[in-house]
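One letter stands for each residue in the lines below.
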Amino acid sequence: MCPDGSDPIERLVPGDSVPEPIADKPAELTGEISALPPEEASKVAAEIRTVAETRGVDADVAELVELQKTGPLPIARDDDDALSSDELRDAWPLLDLEERGDGLRVLPREDAEDFFISLSASDQAALLLHFRSGQRRQWMRLLEPDDVADVIQHAGEDHRDTLLGLLDAPTRKEVTALLAYAEDEAGGLMSTRYARLRPQMTADEAISYLRRQARDKIETIYYAYVLDPDHRLLGVVSFRDLFAADPRKIVAEVMETDVVRVTDEMDQETVSRIFAEHDLTVIPVVDKEGRIKGIVTVDDIVDVVQEEATEDIQKFGGMEALDLPYLQSSRREMFLKRGKWLALLLVGEMLTTIPLGFFEAQLHAVTVLALFLPLITSGGGNSGSQASTLIIRAMALGQIRTADWWLVLRRELLMGLALGLLLGSITAVRVMVWGAAGAYNEDAAGAHYVMVGVTVAVAVVGCVAWGTLSGSMLPFVLKKIGADPASASAPLVATIVDVSGIAIYLTVANVVLTGILL
């Protein structure tokens, strides 16, 4: 908010929201000013190329690169030793900041700018902070306001004022308004540069007005949003509809009033689901009063989906989500994020000694029971991991809500019993066949191998049913207390089921074999 309490975005007129273009003449804003000397550039290019070659090429990546190169043949360069963007991208994860900066300086100016724009916000922030103060402005001004906001959020609060100072006044106002939103909210994803029209414009006037807005680098020209004087969203009209309409027809008669929209405080995962449900390429963002704040485009949502999926998968593997890509994460960060969860799981596994100690006498009396402990616990852990994976993914896609827990419980209880009967039958056959072959003759259970098989089979049914039930309900419990359901990872479910599975197994053995072997 501005000091007077007004919204910076609303105070901007269309022309004011356009950043100053990067000049082609002044030396301080051009890429050539920071270019390396020829000999040093050749050395840097050779080193980066060597790193890229040592990584090799994955077959899938090679196919994608070939697809991108279809079309007009590239223009041949006089210098065959010049570093290409593809070579720099291959070596990028293994380069430090100094080498990355040199790599950008070796590339031709246009290639370097395109490469920088394609980087993640965390990489852009790290490079901007690494560059000298005189170089930062030229790179910062390549980015759109929503991308600048992402970079500043990754750079941290300590560098916020420094990076904002690199922007021209209108862009700084836009970025400051975007920074008021959390990074994972729709307001933090949106761009404030969108095409806007008035309802009383004729189609001909609207086309002329959109032509002028297109020169101001708006995010997309394919859809224009119709607003009243208070910036409230009235409707949306496509460029195609405007061209097809009678030139004298007013926009209010052409526009669609049933507009799918999201609020500026909506979570990014919810926004991505709305994109998928309605097959959209762009969606307007409005506040509680229905005033438009900006738009979110599908390219931003692709990044969100990838980020959220990566985070969930890492959590489901039994660790905290990494803040940076794997090769860029420090060993210390990797150790802390993985070590904490492994320590927690180890402490959980220590609880298995409690049921083992409680039934120690039974295990001494019938030692063959210990042979099947891993089989029992693994069956329950696997079924629990399956159930938690299915429920967590269904929650992420919006297929299951918290209120559906009772339906899921009944469904998974029946499924757990059915799966338990299947695995129990297989286990019973295995135990009895081995018993009939004399595998347990040295133990007292040799003469009662049928009852041992029944014991193990019943225990498998109980453990699998309990594991399925636990794995399906744990995500609901975590969501209810405000935690991320993805934390119900497979290792966590397996640990819980291991402890309870041992208790189930030995309790069943105590009931079935009392008076026979116990």
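As shown above, the structure is provided for reference.
Residues numbered from 1 in each chain as written. Predicted model: local features only at pLDDT ≥ 70, side-chain atom pairs only at ≥ 80, totals over all residues. Heavy atoms only, no water.

Q: What exactly am I supposed to notice about the overall build of the protein here?
A: Scanning the protein from terminus to terminus reveals 24 helices and six strands. Put simply, the protein has 518 residues, and 45% of those count as buried. In the protein, once contacts between residues fewer than 6 apart in sequence are set aside, the share between residues at least 24 apart is 68%. Of the roughly 27600 Å² that the protein leaves accessible, carbon and sulfur atoms contribute 57%. (Helix = DSSP H or I, 4+ residues; strand = E, 2+ residues; numbered from the N terminus. Buried < 20%, exposed > 50% of the residue type's maximum accessible area, 1.4 Å probe, protein only. Contact = heavy atoms within 4.5 Å. Areas by Shrake-Rupley, 256 points an atom, 1.4 Å probe, with all protein chains shown as cover.)

Q: Hey, could you run me through the pairing of strand β2 (residues 223–227) in this one?
A: Consecutive side chains of a regular strand alternate in pointing toward one face of the sheet and then the other. When you tally the buried positions in β2, you get four out of five residues, the bulk of the element. In this sheet, β2 lies alongside strand β1 (residues 195–197) in parallel orientation, the contact comprising three bridges. From the neighbouring strand, A195 faces β2, where its bridge partner is A224. With five bridges connecting them, β2 and strand β3 (residues 233–238) associate as antiparallel partners. Paired with A224 across the two strands is V237, which belongs to β3. The loop that links β2 with its antiparallel partner β3 comprises five residues; one of these, H231, has a positive phi angle of about 70 degrees. (Pairing = 2+ DSSP bridges.)

Q: Help me understand the nonpolar core, please; the structure alone is not making it clear to me.
A: Burial of nonpolar side chains together is a common tendency in soluble globular proteins. Counting 52 residues, the largest nonpolar core has L88, L104 and F116 as its most contacted members. Excluding its chain neighbours within four sequence positions, the residues that come into contact with L88 are I48, L83, L95, G103, L104, L107 and F115. Judged by nonpolar contacts, the second largest core, of 21 residues, contains L363, I376, A459 and I502. (Core = buried A, V, L, I, M, F, W, Y, C linked by side-chain atoms within 4.5 Å.)

Q: How do you make sense of the sheet that holds β3 when you look at a structure like this?
A: Strands pair in a sheet through their backbones, by hydrogen bonds, and they do so in one of two ways: parallel or antiparallel. The three strands are arranged β1-β2-β3 in an open sheet whose pairing can be described as mixed. The open sheet terminates on both sides in strands that have one partner only, identified here as β1 and β3. Strand after strand, the sheet turns through a mean of 35 degrees between neighbouring axes, direction not considered. (Axes fitted to C-alpha atoms, helices over the stretch in contact; angles between N-to-C directions.)

Q: Explain the sheet that holds strand β4 (residues 262–263) here, please?
A: An order of β4-β5-β6 is seen for the three strands of this open sheet, with the pairing classed as mixed. Both edges of this open sheet fall to β4 and β6 (292–297), since each of them pairs with a single strand only. As judged from the two bridges shared by β4 and strand β5 (residues 282–286), these two strands associate in the parallel manner. Residue pairing across strands places T263 opposite V286, the latter belonging to β5. Strand contacts of helix α16 (residues 268–278): β4, β5 and β6, with the helix running at about 135 degrees to β5, the strand carrying the most contacts.

Q: Just checking my understanding: could you explain the pattern of salt bridges for this structure?
A: Should their charged atoms come close, side chains of opposite charge can pair. Scanning the entire structure with this criterion turns up twelve salt bridges. Of the charged contacts, one joins R49 and E87 as a salt bridge, the two residues approaching to 3.1 Å between their closest N and O atoms. Here the residue R49 occupies a position in helix α2 (residues 38–55), and E87 occupies one in helix α4 (residues 85–91), the gap between them amounting to 38 residues. Looking at R49, the relative accessible area reads 17%, which means it is buried. E289 is paired through a salt bridge with R291; the nearest N and O atoms lie 3.6 Å apart. What makes R291 partly exposed here is its relative accessible area of 25%. A single salt-bridge network, built from bridges that share partners, covers D287, E289, R291 and K293. (Salt bridge = Lys/Arg side-chain N within 4 Å of Asp/Glu carboxyl O.)

Q: Even after reading the chapter, I still don't get a negative patch on the surface, so can you show me in this structure?
A: Among the surface-exposed residues, E183, D184, D267, D299, D303 and E307 lie close enough to one another that they form a single negatively charged patch. Mapped onto the elements, D303 comes out in helix α17 (residues 298–316). Given a relative accessible area of 48%, D303 falls into the partly exposed group. (Patch = residues over 30% accessible without salt bridge, like charges linked within 9 Å, V, L, I, M, F, W, Y side chains within 5 Å. Lys, Arg positive; Asp, Glu negative; His and termini not counted. Charge placed at Lys NZ, Arg CZ, Asp CG, Glu CD.)

Q: Honestly, the packing of helix α9 (residues 145–155) against helix α11 (residues 169–179) in this entry has me stumped. Any pointers?
A: Helix-helix packing is characterised by the crossing angle of the two axes and by the distance between the axes. Viewed as axis vectors pointing N to C, α9 and α11 meet at an angle of 60 degrees, and their least axial separation amounts to 9 Å. It follows that α9 is oblique to α11 by the angle criterion. Considering how the two elements wind past one another, α9 and α11 form a crossing that is right-handed. For the pair α9 and α11, the contacting residues are P145, D146, V148, A149, I152 and Q153 in the first and T171, E174, V175, L178 and L179 in the second. Grouping the amino acids of the contact of α9 with α11 by side-chain chemistry returns seven nonpolar, two polar and two charged. (Parallel < 35°, antiparallel > 145°, perpendicular 65-115°, else oblique. Left-handed = near helix turned anticlockwise from the far one by under 90°. Nonpolar A, V, L, I, M, F, W, Y, C, P; charged D, E, K, R; others polar.)

Q: Where do I start with α16 in this structure?
A: Residues of α16 that are buried: Q268, V271, S272, I274 and F275. Projected down its long axis, α16 carries its buried residues within an arc of 160 degrees, all on one side. In α16, the exposed positions angled more than 90 degrees off the buried face are occupied by A276 and E277. Here the buried face of α16 lies against α12 (186–189), β4, β5, β6 and α17. Remark: D279 follows α16 within two positions and exhibits a positive phi of approximately 55 degrees. (Arc of directions from axis to C-beta.)

Q: Looking at this model, I keep getting lost on the pairing of β5. Mind explaining?
A: With five of five residues buried, β5 is to be regarded as a mostly interior element. Side chains of β5 alternate between two faces, with V282, P284 and V286 and I283 and V285 buried alike. As judged from the five bridges shared by β5 and β6, these two strands associate in the antiparallel manner. Across the sheet, the residue bridging to V282 is T297, located in β6. Connecting the antiparallel pair β5 and β6 is a turn made up of five residues, with G290 showing a positive phi of about 85 degrees.

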